[in-house]
Amino acid sequence: MGTEAPVSSPLTSPRSQPQHGRMASGERTQPRARQRLRVMAGHLRRAEPAPPPALGQCRALEPGPADSTAKTAGTIPRRRQEILKWNGWGYNDSKFTFNKKGQGEFTGKRYRLSGMVLPALKEWMEKSFGASLEHRTSPRTAPNLEDLPLPILNEECLKELKDIGIPFSQDPEDRLIRSHGHCLHEIFALREGKVERVPDVVIWPSCHSDVVKIVKLASKHNICIIPFGGGTSVSDALECPTDEKRTIVSLDTSQMNRILWVDEKNLTAHVEAGITGQDLERQLSEHGYCTGHEPDSMEFSSLGGWVATRASGMKKNIYGNIEDLIVYIKMVTPRGIIEKSCQGPRMSTGPDIYHFIMGSEGTLGVVTEVTIKIRSLPEYQKYGSIVFPDFEQGVACLREVARQRCAPASIRLMDNTQFQFGHALKPQVASIFTSFLDGLKKFYITKFKGFDPNELCVATLLFEGSREKVLQQEKHVYDIAAKVGGLAAGEDNGQRGYMLTFVIAYIRDLGMDYYIIGESFETSVPWDRVLDLCRNVKEKLVRECKERGVQFPPLATCRVTQTYDAGACVYFYFAFNYRGISDPITVFEQIEASAREEILENGGSLSHHHGVGKLRKRWLKESISDVGVGMLKSVKEYVDPNNIFGNQNLL
Amino acid sequence: MAAVSMASPAVESLYPQKDTTLNKRDGFEDLMEERRHSSDLRYAMRCYTPVVYKDLVPRTPSALRNVVLKSDQVQYVIKQLSKETGESPDIISDEAADILEKMGHGLRLSIVRFFAFTLSKIFKALFQKVRVNEEGIHKLHQAIQEYPVVLLPSHRSYIDFLMLSYIMYTYDLSLPVVAAGMDFMGMKIVGEMLRMSGAFFIRRSFGGDRLYWAVFSEYVKTILRNGDAPVEFFVEGTRSRTGKSLIPKLGLLNIAIEPFLMGEVFDMYLVPISISYERILEESLYAHELLGVPKPKESTSGLLKARKILSENFGSIHIYFGQPVSVRSLATGTVRRSQYNLVPRHIPRKPSGDVYRFLDAVGHRMVVLQQKNMVISPWVLMTTVIIQNLPSMPLPDLIRQTLWLKVIAEAFGAFIDWPVNVSADKVIRSSLALRHNIVKTVKNQVMLCQEETTAEFTVEKVSKSTVTVLMCASYRNQILHVFVRPALVAIAFQNAHSCRKEDVYSCFSYLREVFSDEFIFLPGNLVKDFDEGLYLLMKSGAIQGSHTDLHVAEKGSATISFLSAMFGPFLEGYQVICKYLMRTEFTDDFTEKRFVAEIRNHAAELILTGAIKYSEVLSVDMQKNALAALSRLGAIEKLKTAGGTACKVNKQTLARVADMLAPELPVKSATVAKL
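Residues numbered from 1 in each chain as written. Chains lettered and ligands numbered in written order. Predicted model: local features only at pLDDT ≥ 70, side-chain atom pairs only at ≥ 80, totals over all residues. Heavy atoms only, no water.

Engineer: Just to check I follow, could you spell out the overall build of chain B for this structure?
Structural biologist: Within chain B one finds 27 helices and 17 strands. With 675 residues in all, chain B has 57% of them scored as buried. Across chain B, the fraction of contacts at a sequence separation of at least 24, relative to all contacts at a separation of at least 6, is 79%. For chain B, the computed accessible surface area is about 27900 Å², with 56% contributed by carbon and sulfur atoms. (Helix = DSSP H or I, 4+ residues; strand = E, 2+ residues; numbered from the N terminus. Buried < 20%, exposed > 50% of the residue type's maximum accessible area, 1.4 Å probe, protein only. Contact = heavy atoms within 4.5 Å. Areas by Shrake-Rupley, 256 points an atom, 1.4 Å probe, with all protein chains shown as cover.)

Here it is in structure tokens:
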């Protein structure tokens, strides 16, 4: 499909020149692109990729035949609600549900799990949460638009907005769905129909110069801008401050989604910041490239959002985190445009100004364009898994892998609870043979090897690279695992683990139908404290639940999702059945806050990649010291003295 | 102002106000009861399956020792020492292994059974009853499964840790690993047996021995982290010779709590345990020690000689297992655990200021919790009266005053074990009979026995006659914690020569400061202490008053003067010491050793001439406490010299302390400004 792009496209033209050592001709691109697509489909079974975009400074400036393609290039339309849920995660057509027989099911056609029956899900929910299919909540079926506050916007401003000719909307639904991210309390409020402050206007710039105009206008009229990318924030970053009396404009970058050029000599791509991860990877893959940046939210989250929150991707071991991938950033601020004048790979020019931008969380301006590193699509990919007798040995293995710097593209270690959860999402087995084989494996591990099924835990692996290198690395990792008592547990288990990466976010919506509320949160921590931190935080969650009157034991589970030289990233999942509690969200937030305090006291960071937002603001000072906060404040004061970017994140 | 505004009944729950005596006593179960009726052998051989910590990974003692030896903590210190001394790490490592070998407990069930058998015999012979609060046992039972546990018993006798292990065995609880003084090691066979029954040994002082410290602390922490067994040690550091609780020692407490502070365990429980003896085995030994007779080295033959005590009656023992206290709950909001984030956890470090204050507060709290559940016998009340009426008093007066005191003590929250269904007269007479080694009744007059002496020298003669006084005092001291707050308020009220509450408060705060090595006050609890003392005085009708003014109630003077007299020996003792230091020959530097020697002569003379009323100033304990207090108050200055520590007197401050203890003029205190 990729090769069907117009020949004039700068993306494809260099491709036809045999300049890549390993790629002799354009014809070879096709199988590679196809392979890449298969890989992608392994994660998210998305239907047809859209045709590639044309290059152009801006649609508004360069009207022409390219215009129409550019418009449809992105997965996310202006009216997001046409394909995305207004009250939960992801696509409208994809969700967990219980069928008439009481069996779990995942609807839709997008994912591998789609359309499959999950026979173990019901029992797992009953066992883990004390939930019952008879006790259902009754959330709203449509957004509560009646109670939406009227938009604040004066006539003069409105007129000027119309004059600059950038599409905008004051439609209540458009405004409501841009008033939140995906924190538990935000989704809960939507389902309950509780509305507070929402943006007054939604505006869709389609290029950098549109943004310049909008920011200028906002500065002139003292309007508050809240940049909105993919809307996947889990830090309250998108929440409109209730005390904001000015007009709030939600600046939706979703239509700034073109790859402007690809530089194959330097292996970089210049991209508009509103592009979503899936569009970026798909479009690059059509030409044999990828960025390799795959955060779990990559279907929806945007490049600009990654920059603004210091995102991290699953395969950072090969490709690096966002700060390793970025070569150039352009950001529009009330003070002007901030950028660097060259694309040198590293500079010693004082503190890196990009580091003020990365992690600024929309408080300084809007990231409009980014130059990002690209790599050739991997030749070979292989999944894997290792089972360990307990979590401690699993961590020991990851630590050793990190020490020897032989980590595969991704290595994740689930604790026992998550391992069991993984089983709950196992689709109905196709044949007796598979089932028999599963039984045999289980017998081998638990009886023959003596692993306790209530202690053992599993690491999933994803190898990428040349076939030879992958096989070599695979052996290396399995050798290390064997030394600490781990057993290789097959490709299937690994693959299933990664398949769940994208669907797992859907499960909370199912839980909320049955009085279960939950959230995930993360941290990074030095190696020597990983075990202590995991144990203490889980225990803290359980103990706090008991003390705060939660009637059922909670789900408190964790996994180590990234390894570094000096530490690891740990992800927690926390959920409980809230029947019998009058104010579940407050209780939940108090418990989550106490868990965060426990994390900090155990040497964990405030956040590894979710960001601070408003949710974790209160701990920023103790995390980066008074002077550190002062430095950030002075930057904010210079860049945005009138607090145009007034989402009140971070500081 | 507001802080001292009103003595409210909402005084901290640490000090019980309501009479809990009855239900507490009902919860006690006599262990000996069953032992007297069934076979000790069968008891010793019974199936013993203690509950264990939920996350315990079982391991052998040698595996444990290996873990300690290989730990980053110990290896770090070995490397450091090797670098500094040039010694090969292997040699130092062997040394560490050797220390561990001496220290490491090797729990052997056969030895435990042997102990269970012999101790049954011994305890039956020594004690009438060994009573344990079973509710506390149940709580401990749960606590052990939940989190690592630290047992913190009071320390009055060698019997303490034997008794505790015995009780743990009886109730099917894991035997504690005890940190006991190295001097037990001198008791060859017994020492080895103690080790096998769970005790591990520490030297009395580590000095600068970093290897020993590293091995020892890592050993304790390793046990706690894995929850191998409850760890037991004495927060008072040593046996109290005086019957009063000692100021907590923080070294071991720091080691024990560090695994929590560093996040290596989620939480741990501290269990204060109060062991109250009706009669202490070492009573006479202690009195001699306090008067300067050195303590005999513990040896097995010494223990055998002590067999003759088996024929004596030592009354009852009460062991009260307090509510397990979660370290996490104590630490919340008081100590920043994140301070351990920036340095690798295996590098030894001194506790920072806030950790030190935290440990100090925890230590004090634990001692206060021990005090709270101490059981007080009638004899203790009697000694309190007798000491105020030396050399002798009529028996009827003793009975009357004891009963009067009992009422007040109970109102003040004392936990008194007074026999029911026995006439008061009989209780007191039988107590006197049991204590024929201390008191005698001649012609209805109660007086102290005197040790026969042929000594001619003054000091020795006076000392000898003071032995029984100090023995007596050691029982009176058991109740002082009940009275110390109201009594110091009463004394402050007298000394202040003022009715204004703030004057009384400032005087109280000074006295509390002076005596804070002598009695246990929770750090930072000054206002509450004052409020509590005043509240109790008002409740008992001794003092009346408004928000600003106080005065003695009509019937209150008896209480006030009794309470003041109870603490008279301390006030007078400190005064004597102050005055002595102010004499010209002491204005130069002096050493503590010289001081202790000379103050005794001086005091003895004063006693002989009748210039002072109480002879307790002869007690080394009081002398040392006073010196520590004076140093803390800046009245003397300790200087490090080549020959040890020398002291330098600050006359002005010293005069002020003396004046505060017995002011001739109304006190004008600077502390008023604080209010």
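On we go.
Engineer: Please explain a negative patch on the surface as it appears in this structure.
Structural biologist: A grouping of B:Glu87, B:Asp90, B:Asp94 and B:Glu95 is seen on the molecular surface, where their side chains present a negatively charged patch. The topology assignment puts B:Asp90 in helix 6 (residues 89-103). (Patch = residues over 30% accessible without salt bridge, like charges linked within 9 Å, V, L, I, M, F, W, Y side chains within 5 Å. Salt bridge = Lys/Arg side-chain N within 4 Å of Asp/Glu carboxyl O. Lys, Arg positive; Asp, Glu negative; His and termini not counted. Charge placed at Lys NZ, Arg CZ, Asp CG, Glu CD.)

Engineer: How should the pairing of strand 8 (residues 259-263) of chain A be read in this particular structure?
Structural biologist: Residues and elements named next belong to chain A. Two strands pair when backbone bridges link them, and strand 8 and strand 9 (residues 268-272) are joined in this way by four bridges, in the antiparallel orientation. By the bridge assignment for strand 9, Asp-263 is matched with Thr-268. Between the antiparallel neighbours strand 8 and strand 9 lie four residues, among them Leu-267 with a positive phi of about 55°. (Pairing = 2+ DSSP bridges.)

Engineer: Explanation requested: the sheet that holds strand 17 (residues 644-649) of chain B in the structure shown.
Structural biologist: The strands that make up a sheet pair up through hydrogen bonds in the backbone, lying either parallel or antiparallel. Residue and element names in this part refer to chain B. Taken in spatial order, the three strands make up an open sheet running 15-17-16, and their pairing is antiparallel. The sheet is open, and its two borders are formed by strand 15 (590-591) and strand 16 (636-641), each paired with just one other strand. Across two bridges, strand 15 lies against strand 17 in antiparallel orientation. By the bridge assignment, Thr-591 is partnered in strand 17 with Ala-646.

Engineer: Please explain the environment of A:Phe96 as it appears in this structure.
Structural biologist: All names here are of chain A. With respect to the helices and strands, Phe-96 occurs in strand 1 (residues 96-98). Phe-96 sits in the buried class, given a relative accessible area of 3%. Residue contacts for Phe-96: discarding those within four places in its chain leaves Glu-105, Phe-106, Leu-113, Leu-118, Leu-121, Leu-425, Val-503, Tyr-506, Ile-507 and Leu-510.

Engineer: Help me out: how do you make sense of the side chain of A:Thr460 in this one?
Structural biologist: Residue and element names in this part refer to chain A. Relative to the assigned elements, Thr-460 resides in strand 17 (residues 457-465). The class of Thr-460 is buried, set by a relative accessible area of 4%. Discounting residues that sit within four places of it in the chain, Thr-460 has contacts with Gly-384, Ser-385, Ser-410, Ile-411, Arg-412, Met-414, Asn-493, Gly-494, Gly-497 and Tyr-498.

Engineer: Just checking my understanding: could you explain the interface of chain B and chain A for this structure?
Structural biologist: Size of an interface: often given as the accessible area lost when the parts come together. Listed as interface residues are 16 residues of chain B and, on the opposing side, 13 residues of chain A. Taken over both partners, the interface formed by chain B and chain A buries close to 1300 Å², and the fraction arising from carbon and sulfur atoms is 29%. It is B:Phe266, B:Arg337 and B:Arg345 in chain B that bury the most area against chain A; as a group they hold 44% of the surface buried on that side. On inspection of chain B and its partner chain A, the count reaches 15 residue pairs in polar contact (both at pLDDT 80 or more). In terms of residue class, the side of chain B that touches chain A is made up of six nonpolar, four polar and six charged. (Buried area = accessible area lost by both parts, 1.4 Å probe. Polar contact = N/O pair within 3.5 Å; in protein donor to acceptor, adjacent residues only side chain to side chain. Nonpolar A, V, L, I, M, F, W, Y, C, P; charged D, E, K, R; others polar.)

Engineer: What is the right way to read the sheet that holds strand 19 (residues 516-526) of chain A from this model?
Structural biologist: All names here are of chain A. As summarised here, the arrangement of the seven strands in space is 18-15-17-16-20-21-19, forming an open sheet in which the pairing is antiparallel. Every interior strand has two partners, whereas the edge strands, strand 18 (487-488) and strand 19, have only one. Here strand 16 (residues 410-414) runs beside strand 17; their pairing, made up of five bridges, is antiparallel. By the bridge assignment, Leu-413 is partnered in strand 17 with Ala-459. Contacting strand 19, strand 20 (555-563) and strand 21 (567-577), helix 19 (residues 530-547) runs over the sheet at an angle of about 15° to strand 21. (Axes fitted to C-alpha atoms, helices over the stretch in contact; angles between N-to-C directions.)

Engineer: Looking at this model, I keep getting lost on the pattern of salt bridges. Mind explaining?
Structural biologist: Once the charged atoms of two side chains with opposite charge are near each other, the side chains can pair. All names here are of chain A. Within the structure shown, the criterion is met by 68 salt bridges over all chains. Here Asp-415 and Lys-538 are joined by a salt bridge, their closest N and O atoms 2.8 Å apart. With Asp-415 in the loop between strand 16 and helix 14 (416-424) and Lys-538 in helix 19, this residue pair connects regions lying 123 residues apart in the sequence. With a relative accessible area of 2%, Asp-415 lands in the buried category.

Engineer: I'm lost on the packing of helix 7 (residues 109-126) of chain B against helix 9 (residues 159-170) of chain B in this one. Help?
Structural biologist: The description of two helices packed together rests on the angle between their axes and the distance between the axes. All names here are of chain B. The interhelical angle for the contact between helix 7 and helix 9, taken along N-to-C directions, is 115°, at an axis separation of 10 Å. Considering only the axes of helix 7 and helix 9, their crossing is left-handed. Counting all contacts with helix 7, which are made through Val-112, Arg-113, Phe-115, Ala-116, Leu-119, Ser-120, Phe-123 and Leu-126, the residues of helix 9 involved are Ile-159, Leu-162, Met-163, Tyr-166 and Tyr-169. (Left-handed = near helix turned anticlockwise from the far one by under 90°.)

Engineer: Looking at this model, I keep getting lost on helix 7 of chain B. Mind explaining?
Structural biologist: Relative to the 26 Å expected for 18 residues at 1.5 Å per residue, helix 7 of chain B spans 25 Å between its end C-alpha atoms, a close match to the ideal helical length. Of the positions making up helix 7 of chain B, those classed as buried are B:Ile111, B:Val112, B:Arg113, B:Phe115, B:Ala116, B:Leu119, B:Ser120, B:Phe123, B:Lys124 and B:Leu126. (Expected span 1.5 Å × (residues − 1).)

Engineer: What is the right way to read helix 19 of chain A from this model?
Structural biologist: Three or four residues apart is the spacing at which side chains of an α-helix point the same way, because the helix has 3.6 residues per turn. All names here are of chain A. Helix length check: helix 19 (18 residues) gives 26 Å between terminal C-alpha atoms against 26 Å at 1.5 Å per residue, within 8%. With 13 of 18 residues buried, helix 19 lies mostly within the body of the structure. The positive-phi residue at the C-terminal boundary of helix 19 is Gly-549, with phi of around 80°.

Engineer: Looking at this model, I keep getting lost on the packing of aromatic side chains. Mind explaining?
Structural biologist: Evaluation of the coordinates by the stated rule reveals 39 aromatic pairs over all chains. Relative to A:Phe421, the ring of A:Trp124 has its centre 4.5 Å away and its plane inclined at 40°; by these criteria the two rings are tilted. Taken together, the residues span a long stretch of sequence, with A:Trp124 in helix 3 (residues 121-129) and A:Phe421 in helix 14 at a distance of 297 residues. In terms of burial, A:Trp124 and A:Phe421 fall into one category: buried. Centroid distance B:Phe519 to B:Phe567: 5.3 Å. Interplanar angle 70°. Geometry classified as edge-to-face. Of this pair, B:Phe519 sits in the loop between helix 21 (501-514) and helix 22 (526-539) while B:Phe567 sits in the loop between helix 23 (557-566) and helix 24 (568-582), placing them 48 residues apart in sequence. Owing to a relative accessible area of 2%, B:Phe567 belongs among the buried residues under this scheme. Among the aromatic side chains, those forming a connected cluster through ring pairs are B:Tyr43, B:Tyr48, B:Phe123, B:Phe127, B:Tyr166, B:Tyr169 and B:Tyr277. Over the ring of A:Phe391 we find A:Lys538, and its NZ or CZ is 5.4 Å from the ring centre. (Phe/Tyr/Trp six-rings, centres within 6.5 Å; stacked < 30°, edge-to-face > 60°. Lys NZ or Arg CZ within 6 Å of the ring centre and 35° of its normal.)

Engineer: What is the right way to read the packing of helix 11 (residues 210-226) of chain B against helix 12 (residues 251-261) of chain B from this model?
Structural biologist: Residues and elements named next belong to chain B. Axis separation between helix 11 and helix 12 bottoms out at 8 Å; the angle between their running directions is 45°. As the angle between them shows, helix 11 and helix 12 are arranged oblique. For the crossing formed where helix 11 meets helix 12, the hand is right-handed. Contacts from Trp-213, Phe-216, Ser-217, Val-220, Lys-221, Leu-224 and Arg-225 in helix 11 reach Gly-251, Leu-252, Ile-255, Ala-256, Glu-258 and Pro-259 in helix 12. (Parallel < 35°, antiparallel > 145°, perpendicular 65-115°, else oblique.)

Engineer: In this structure, what is going on with the side chain of A:His608? I would like to understand it.
Structural biologist: Residues and elements named next belong to chain A. Structurally, His-608 is set in the loop between helix 20 (584-601) and helix 21 (620-639). At a separation of 2.7 Å, a polar atom in the side chain of His-608 contacts the side chain of Tyr-564. If we ignore the near neighbours within four places in the chain, the residues touching His-608 are Arg-310, Ser-312, Glu-522, Thr-523, Ser-524, Gln-562, Tyr-564 and Cys-569.

Engineer: Looking at this model, I keep getting lost on the environment of B:Leu608. Mind explaining?
Structural biologist: On the secondary structure map, B:Leu608 appears in helix 25 (residues 592-609). As for B:Leu608 and B:Lys461, which are separated by 147 residues in sequence, their C-alpha atoms are 9.7 Å apart.

Engineer: Looking at this structure, I do not really get unusual backbone geometry. What am I missing?
Structural biologist: Keep in mind that most residues, glycine aside, have a negative phi and that most peptide bonds are trans. Backbone torsion omega between B:Leu390 and B:Pro391 reads 0°, so that peptide bond is classified as cis. Summarising the element assignment, B:Pro391 is placed in the loop between helix 17 (378-388) and strand 10 (392-394). Phi angles above zero are rare outside glycine, and A:Leu267 is one such case at about 55°. By the secondary structure assignment, A:Leu267 is in the loop between strand 8 and strand 9. Residue B:Lys443 is not a glycine yet carries a positive backbone phi of 50°. Structurally, the position occupied by B:Lys443 is in the loop between strand 11 (439-442) and strand 12 (445-448). By relative accessible area, which is 78% here, B:Lys443 ends up exposed.

Engineer: Please clarify how the state of the cysteines should be interpreted in this entry.
Structural biologist: Each disulfide consists of a covalent bond between the sulfur atoms of two cysteine residues. All names here are of chain B. Applying the stated criterion to the full structure yields zero disulfides over all chains. Among the cysteines around Cys-499, which has no disulfide bond, Cys-507 carries the closest sulfur, lying 13 Å off. By relative accessible area, which is 1% here, Cys-507 ends up buried. (Disulfide = S-S within 2.5 Å.)

Engineer: Explanation requested: the confidence of the model for chain A in the structure shown.
Structural biologist: Close inspection of predicted coordinates is inappropriate for parts of the model with low pLDDT. All names here are of chain A. Put simply, chain A has an average pLDDT of 88, and 87% of its residues get 70 or more. pLDDT under 50 marks residues 44-56. Its contacts with residues more than four places away, or in other chains, come to 40 contacts. pLDDT under 50 marks residues 59-72. Its contacts with residues more than four places away, or in other chains, come to 17 contacts. (pLDDT = per-residue confidence, 0-100.)

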